[in-house]
Amino acid sequence: MAEPGTRAAEAAADRGWRLRHLPVLLIATAALAAPAAVVGGVTRGADGALGAAAGVAVTALSYTLTTVVLAWADARDPQLVLPFGLGLYFAKFSLLGGVMVLVASTGWPGLIPFCLGIAAGVVVWTGVHIRWLATVHARRVSR
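Everything numeric in this text was worked out from a predicted model, so none of it was measured.

Caption draft 1: Structural context of the overall build of the protein. Looking only at helices and strands, the protein has four helices and zero strands in total. Within the span of the protein, comprising 143 residues, buried residues form 24% of the whole. Nonlocal contacts in the protein, meaning residues at least 24 apart in sequence, comprise 67% of its contacts between residues at least 6 apart.

Written out as structure tokens, the structure reads:
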């Protein structure tokens, strides 16, 4: 078993480890936005294209915000990760829910593509993150 503080010393030596995966995830999400917009445009016109692309963007923004805030909290004190994570989760989903209720009340035809864009963004972001952890990160840890 590692000595107490070993993880902190290793993390201090490699300050970029908390955000190293972020560029790969953002590129994958950006690559999803174009096909999502095309599918949304074909099925629902301009509103569908905008909605699908915006849904993917909302997912990327949400996950990026979470990653950056949790990396900051972990760099300060690992015990801050849980309260910051839960607070951010509550704030993001409250805001997203409120925005979706307001948008739904307008009858905007891009709402369904927006929701599907969010779902597609979640699937791609999670899948690429798992792949990154299983390949790139696993190689770094095993060295």
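Caption draft 2: Quick look at the packing of aromatic side chains. A complete count under the given rule lists three aromatic pairs for this structure. Residues Trp72 and Phe84 carry aromatic rings whose centres are separated by 5.3 Å and whose planes lie at 65° to one another, so their mutual orientation is edge-to-face. In this pair, Trp72 is assigned in helix H2 (residues 22–76) and Phe84 in helix H3 (residues 81–106), connecting sequence segments twelve residues apart. With relative accessibility at 40%, the residue Trp72 sits in the partly exposed group. On the numbers, 4.7 Å between centres and 50° between planes, the contact of Tyr89 with Phe93 is tilted. Note that Tyr89 and Phe93 are positioned in helix H3 at a spacing of four residues, about one turn of the helix. Assessed through its relative accessible area of 46%, Phe93 is described here as partly exposed.

Conventions used here
- Residues numbered from 1 in each chain as written.
- Predicted model: local features only at pLDDT ≥ 70, side-chain atom pairs only at ≥ 80, totals over all residues.
- Heavy atoms only, no water.
- Helix = DSSP H or I, 4+ residues; strand = E, 2+ residues; numbered from the N terminus.
- Buried < 20%, exposed > 50% of the residue type's maximum accessible area, 1.4 Å probe, protein only.
- Contact = heavy atoms within 4.5 Å.
- Phe/Tyr/Trp six-rings, centres within 6.5 Å; stacked < 30°, edge-to-face > 60°.

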